[in-house]
Amino acid sequence: MKKILSDKYRHFVLYFEIFMLLLLIPLTYNLIPVNEGTKTFYIPSSNIDDVVKTLKSNGYEVTWMDKLMLRLRRTPDEGWYSVEPSEHGRFLFFQHLYKQKTNELMDVVVYAGETKDELTARLSNDMKLDKKKLLSAYQMHAYYDEADILAQRYTIARQADENETMQYMFLDSRRKLNTFVHKYFKHKPELMELKIVHVIASIIQKESNSIDEMPLISSVIYNRLEKGMKLQMDGTLNYGPYAHTVVTPERIKNDKSQYNTYKHKGLPPDPLSTVTLDALKASMKPASSDYLFFMLNKKGTHNFSATYDKHLENIRAFRVYQNEKNKQKQEANNTYSKSPPKS
């Protein structure tokens, strides 16, 4: 009898120890601190691997048990999240991560024709971020000197830091670029092929924001390149610090860079600035034309021509319009200056 009781007691102790061990494992796990990485970040999809990769890239340690916790309730959806790890135990942090989406968002517009310096300066001002850190993050993700980020609207968490902000803008741009590539390329393009498309798109963008005119301008670029002609386009001189300056005859004469297509044949060495998807589409699908020239007209659009004589005619017509406009402006100013002062 004593032996039976002794065996039962030993079994009880063994089961109790196992029970306590099983109880201590989750308790101990819950006490393991969650690293205080970046608290605001963007999860690109609900795929568990993307969630884990995002957490790890923002400084969080993710174990196999953490993955289990993420799966037990609900894997976070794509979106911006703002978390406070110190307020939760490890169980709750991973189980409730899907609830931590932030509603504190803001829209940021990237304008066509902006350079990376202009873009980061404006983001720095609007989002109260450090310009140097933004520029450094841009350069870390960029393929080209300019034009990696599409000109469009972005929705960003107000508390996102410099790296998360840039990372999201590149993510969104690259997704749209991938869709563009699948539609317009029959093969996977080399990086240099895409660079050429971006260079042409940036020239188109500098010459006109009209979606209707973009394919026509694209056709002029391709036609002149095929004939071995210099592009001779003002827009190519709107690079870097000259992004929004008026191109003068003196500038054309004195600019010795490869961006000066009045002096050098072929395309500029790099994209000029940000572009829209419409400009990219036009660079891939130019209009079918024999145009070699285009000139601004009084309507603010362009007249296209296939011959130099017709181009000269368009230039003269625009100069007559400019002279008339300047004359009317001068007459209006003279009339105003001669008017008696009001009592």
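Residues numbered from 1 in each chain as written. Predicted model: local features only at pLDDT ≥ 70, side-chain atom pairs only at ≥ 80, totals over all residues. Heavy atoms only, no water.

Q: Teacher, can you tell me more about the overall build of the protein here?
A: Within the protein, the secondary structure is distributed over 12 helices and 6 strands. Looking at the protein residue by residue over its 343 residues, the buried ones come to 42%. For the protein, long-range pairs separated by at least 24 residues make up 63% of all intrachain contacts whose partners lie at least 6 apart in sequence. (Helix = DSSP H or I, 4+ residues; strand = E, 2+ residues; numbered from the N terminus. Buried < 20%, exposed > 50% of the residue type's maximum accessible area, 1.4 Å probe, protein only. Contact = heavy atoms within 4.5 Å.)

Q: Could you clarify how one ought to interpret the packing of aromatic side chains in this entry?
A: For any two aromatic rings, the description comes down to two numbers: the centre-to-centre distance and the angle of the planes. Summed over the entire model, instances satisfying the criterion amount to 14 aromatic pairs. Sitting over the face of the ring of Y143, R174 holds its NZ or CZ atom 3.7 Å from the ring centroid. Across the ring face of Y242, the terminal group of R251 is positioned such that the distance to the ring centre comes to 3.8 Å. (Phe/Tyr/Trp six-rings, centres within 6.5 Å; stacked < 30°, edge-to-face > 60°. Lys NZ or Arg CZ within 6 Å of the ring centre and 35° of its normal.)

Q: Can you help me understand the pairing of strand β3 (residues 105-109) in this one?
A: Within a regular beta strand, the side chains point alternately toward one face of the sheet and then the other, so they alternate between its two faces. Residues M106 and V108 of β3 are buried on one face, while the alternating residues L105, D107 and V109, pointing to the opposite face, are not. With 5 bridges connecting them, β3 and strand β4 (residues 153-157) associate as antiparallel partners. By the bridge assignment, V109 is partnered in β4 with R153. (Pairing = 2+ DSSP bridges.)

Q: Explanation requested: the side chain of Q205 in the structure shown.
A: In this fold, Q205 is placed in helix α8 (residues 191-207). Here N209 takes part through its side chain, which lies 2.9 Å from a polar atom of the side chain of Q205. Apart from the residues lying within four places of it in its own chain, the contact partners of Q205 are A112, G113, M214, T274, V275, T276 and A279. (Polar contact = N/O pair within 3.5 Å; in protein donor to acceptor, adjacent residues only side chain to side chain.)

Q: What's the story with a nonpolar patch on the surface in this structure? I'm lost.
A: A cluster of nonpolar side chains, W64, L68 and L72, forms an exposed patch at the surface whose accessible area comes to about 360 Å². Take L72: it is sitting in helix α3 (residues 64-72). (Patch = residues over 30% accessible without salt bridge, like charges linked within 9 Å, V, L, I, M, F, W, Y side chains within 5 Å. Areas by Shrake-Rupley, 256 points an atom, 1.4 Å probe, with all protein chains shown as cover. Salt bridge = Lys/Arg side-chain N within 4 Å of Asp/Glu carboxyl O.)

Q: Would you mind showing me how to read the confidence of the model for the protein here?
A: Interpretation of this model should avoid reading the predicted coordinates in detail wherever pLDDT is low. Confidence along the protein averages 85 in pLDDT terms, with 84% of residues attaining 70 or more. For the protein, the element scoring lowest by mean pLDDT is helix α1 (residues 2-31), at 49; helix α9 (residues 214-226) scores highest, at 97. Within the model, the stretch residues 11-17 combines pLDDT values under 50 with 0 contacts to residues more than four positions away or in other chains. Confidence drops under a pLDDT of 50 for residues 19-25, and excluding neighbours within four residues, the segment shows 1 contact in the predicted structure. (pLDDT = per-residue confidence, 0-100.)

Q: Honestly, the pattern of salt bridges in this entry has me stumped. Any pointers?
A: Pairing between side chains becomes possible if they bear opposite charge and their charged atoms approach one another. What the rule picks out here adds up to 12 salt bridges. E114 is the salt-bridge partner of R122, the closest N and O atoms lying 2.9 Å from each other. R174 is paired through a salt bridge with D148; the nearest N and O atoms lie 3.2 Å apart. Of the two residues, R174 is situated in helix α7 (residues 162-184) and D148 in the loop between α6 (131-141) and β4; the sequence distance between them amounts to 26 residues.

Q: Just to check I follow, could you spell out the nonpolar core for this structure?
A: Generally speaking, nonpolar side chains in soluble globular proteins are found buried as a group. The biggest cluster of nonpolar side chains holds 52 residues, and the ones touching the most others in it are I149, I156 and M169. Elements supplying a minimum of two residues to this core: β3, α5 (116-127), α6, β4, α7, α8, α9 and α11 (277-284). The biggest single contributor to this core is α7, with 8 residues. In this structure I156 touches W80, E104, L105, M106, V108, M127, T165, Y168 and M169, once residues within four positions along its chain are discounted. (Core = buried A, V, L, I, M, F, W, Y, C linked by side-chain atoms within 4.5 Å.)

Q: How should I be thinking about the packing of α8 against α9 in this particular structure?
A: Two measures define how a pair of helices packs: the angle their axes make with one another and the distance between the axes. Taken N-terminus to C-terminus, the directions of α8 and α9 make an angle of 125 degrees; their axes are 10 Å apart at the nearest point. Judged by the angle between their axes, α8 and α9 are oblique. When you trace α8 past α9, the crossing you get is right-handed. Here I200, I203, I204, Q205 and E207 of α8 come into contact with α9, specifically with M214, I217, S218, I221 and Y222. When its residues are assigned to classes, the contact of α8 with α9 shows 7 nonpolar, 2 polar and 1 charged. (Axes fitted to C-alpha atoms, helices over the stretch in contact; angles between N-to-C directions. Parallel < 35°, antiparallel > 145°, perpendicular 65-115°, else oblique. Left-handed = near helix turned anticlockwise from the far one by under 90°. Nonpolar A, V, L, I, M, F, W, Y, C, P; charged D, E, K, R; others polar.)

Q: In this structure, what is going on with helix α2 (residues 48-57)? I would like to understand it.
A: When we look at burial in α2, the residues that qualify are I48, V51, V52, T54 and L55. Each buried residue of α2 sits inside an arc of 160 degrees when the element is viewed along its axis, so together they form one side. In this structure, α2 carries D49, K53 and S57 as exposed residues pointing more than 90 degrees from its buried face. Close packing links the buried residues of α2 with β1 (40-43), α3 and α4 (90-95). Taking the backbone nitrogen of D49 as reference, a side-chain oxygen 2.8 Å away marks N47 as the first, capping residue of α2. (Arc of directions from axis to C-beta.)

Q: Teacher, can you tell me more about the side chain of N297 here?
A: One can find N297 in the loop between β5 (293-296) and β6 (302-305). For N297, the side chain forms a polar contact with the main-chain nitrogen of K299, separated by 2.9 Å. When residues no more than four places from it in sequence are discounted, the contact partners of N297 are H302, N303 and F318.

Q: Mind showing me how you'd approach the environment of S283 here?
A: Here S283 lies in helix α11. Placed 84 residues apart in sequence, S283 and V199 show a C-alpha to C-alpha distance of 8.8 Å. Not counting chain neighbours up to four residues away, the residues in contact with S283 comprise V197, I200, A201, I204, S218 and Y222. At 2.6 Å, the side chain of S283 forms a polar contact with the backbone oxygen of L280.

Q: Please clarify how α9 should be interpreted in this entry.
A: Three or four residues apart is the spacing at which side chains of an α-helix point the same way, because the helix has 3.6 residues per turn. Here α9 contains 13 residues, and its C-alpha end-to-end distance of 18 Å stays within 8% of the 18 Å for a straight helix at 1.5 Å per residue. Looking at α9, one finds that the buried residues are M214, I217, S218, S219, V220, I221, N223 and R224. Of the surrounding secondary structure, the elements contacted by the buried residues of α9 are α8, α11, β5 and β6. Positive phi appears at G228, one or two residues downstream of α9, with a value of about 75 degrees. (Expected span 1.5 Å × (residues − 1).)

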